[in-house]
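# A closer look at the structure
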Amino acid sequence: MHVTSASIEITALPAFSDNYLWLIHCGQHALVVDPGDAEVVAQALQARQLQLDGILLTHHHADHVGGAAALQQRWQCPVYAPDSDHPAYQSLQAKRVKQGDHLTFAHVGALTDSLTCDVLALPGHTLDHVAYYLNYRHLFSGDVLFGAGCGRLFEGTPAQMYASLQHIAALPADTLIYPAHEYTAHNIAFAQTVDPDNPDLQQRAQNTANLRAQNLPTLPTTLALELATNPFLRCEALSKQIAFQHWSPIDVFTELRARRNHF
Ligand code: ZN
Ligand code: FE
């Protein structure tokens, strides 16, 4: 998948069984988000004759961090990582990022304006999880938001994850979202069990099946599409279907996440 806005291009590099390592490039300069596999990134840089100027990490899981040290060694570029003392970051010379930080990359955006990245703290999947909001248009959401789904709660509480998803939901509806895994088809199958009469979801199921039949990514997605079809962003709308009257949206979220864990 390939997204071009001005001269910025964003490319999905498939890795492992279902990860996407997102390559952001502009001219000869590139950034990569969550390089779990250094070799995949090295080959993509070489094929496109790109120079790596920075590495952005969303959280400490190995499928997101595993290739960062080798790439940093090869390219001598900065690594941006969440501000936690998790051992996964200790071998890296990482610049630590937190909610509200504003990063600029002069080289990568040199052909147009500087490329900028705002950091959003989105705990839930892990406590240290952050997302990178590039040029107020592209959100690299790691394992928080997936196509029609959300990440598992390995460290955080349902209330934390719900708040993180609401944080994303408050961004502009035309925000492009780049999750780190291709889980959309399975997530839609689950969504249909709790939101069976949603025509947008039925349409998305069809579009997703067509893309996957051609082995194409279903991502990026848009916030508008997620608001219409992602059950974890539709807790209020779905509460009548699955909840008792006194349930809060967080209760509904908790129930949905529990059902999805066993789906
Ligand atoms: Zn993860
Ligand atoms: Fe992951």
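One structure accompanies this document, and this report is about it. Small disclaimer: the values here were computed from a predicted structure and weren't measured.

## With respect to the packing of helix α1 (residues 38-48) against helix α3 (residues 68-75)
Helix-helix packing is characterised by the crossing angle of the two axes and by the distance between the axes. Relative orientation of the contacting elements α1 and α3 amounts to 40°, with a least axis distance of 8 Å. In terms of orientation, α1 and α3 fall into the oblique class. Packed against α1, whose contacting residues are A38, V41, A42 and L45, the element α3 presents A70, L71 and W75 at the interface.

## Description of the coordination of the iron ion (ligand 2)
Within the protein, the atoms that donate to the iron ion (ligand 2) are D63 (OD), H64 (NE2), D143 (OD) and H181 (NE2), at distances of 2.1 to 2.4 Å. Given 4 donor atoms and angles of 84 to 168° at the metal, the environment of the iron ion (ligand 2) is assigned as irregular. Summarised as a motif, the one-chain spacing of the donors to the iron ion (ligand 2) is D-H-x78-D-x37-H. On the basis of relative accessible area, D63 is assigned to the partly exposed category, the value being 22%. Residue classification places D143 among the buried positions, given a relative accessible area of 3%.

## Description of the packing of aromatic side chains
For the structure shown, the criterion picks out 10 aromatic pairs. Here the aromatic rings of Y80 and F105 are separated by 5.5 Å at their centres, their planes lie at 85°, and the arrangement is edge-to-face. Of this pair, Y80 sits in strand β6 (residues 79-82) while F105 sits in strand β8 (residues 102-105); the two residues are 25 residues apart in sequence, bridging distant segments of the chain. Pair check on accessibility: Y80 and F105 agree, each one buried. Members of the aromatic cluster, joined through ring pairs, are Y162, F190, F232, F253 and F263. A cation over a ring is seen here: R74 above W75, with NZ or CZ 4.0 Å from the ring centre.

## Remarks on the environment of T58
By the secondary structure assignment, T58 is in the loop between β5 (51-56) and α2 (62-65). Of note is the side chain of T58, whose polar atom sits 2.7 Å from the side chain of D34. Of note is the side chain of T58, whose polar atom sits 2.9 Å from the side chain of H59.

## Digging into the coordination of the zinc ion (ligand 1)
In the first shell of the zinc ion (ligand 1), the protein supplies H59 (NE2), H61 (ND1), H125 (NE2) and D143 (OD), at 2.2 to 2.3 Å from the metal. Here the zinc ion (ligand 1) binds 4 donor atoms, and the angle range of 86 to 173° at the metal identifies the geometry as irregular. Along the chain, the residues donating to the zinc ion (ligand 1) fall in the pattern H-x1-H-x63-H-x17-D. Here the iron ion (ligand 2) and the zinc ion (ligand 1) are spaced 3.2 Å from one another, each receiving a donor from D143. Placement of H59 in the loop between β5 and α2 and of D143 in the loop between β11 (138-142) and β12 (145-146) is noted, with a sequence separation of 84 residues between them. Accessibility expressed as a relative area gives 0% for H59, which makes it buried.

Thresholds, definitions, all that
Residues numbered from 1 in each chain as written. Chains lettered and ligands numbered in written order. Predicted model: local features only at pLDDT ≥ 70, side-chain atom pairs only at ≥ 80, totals over all residues. Heavy atoms only, no water. Axes fitted to C-alpha atoms, helices over the stretch in contact; angles between N-to-C directions. Helix = DSSP H or I, 4+ residues; strand = E, 2+ residues; numbered from the N terminus. Parallel < 35°, antiparallel > 145°, perpendicular 65-115°, else oblique. Contact = heavy atoms within 4.5 Å. Donors = N, O, S within 2.8 Å, 3.2 Å for Na, K, Ca; no water. Tetrahedral: all angles 85-135°; square planar, octahedral: opposite > 155°, others 65-115°. Buried < 20%, exposed > 50% of the residue type's maximum accessible area, 1.4 Å probe, protein only. Phe/Tyr/Trp six-rings, centres within 6.5 Å; stacked < 30°, edge-to-face > 60°. Lys NZ or Arg CZ within 6 Å of the ring centre and 35° of its normal. Polar contact = N/O pair within 3.5 Å; in protein donor to acceptor, adjacent residues only side chain to side chain.

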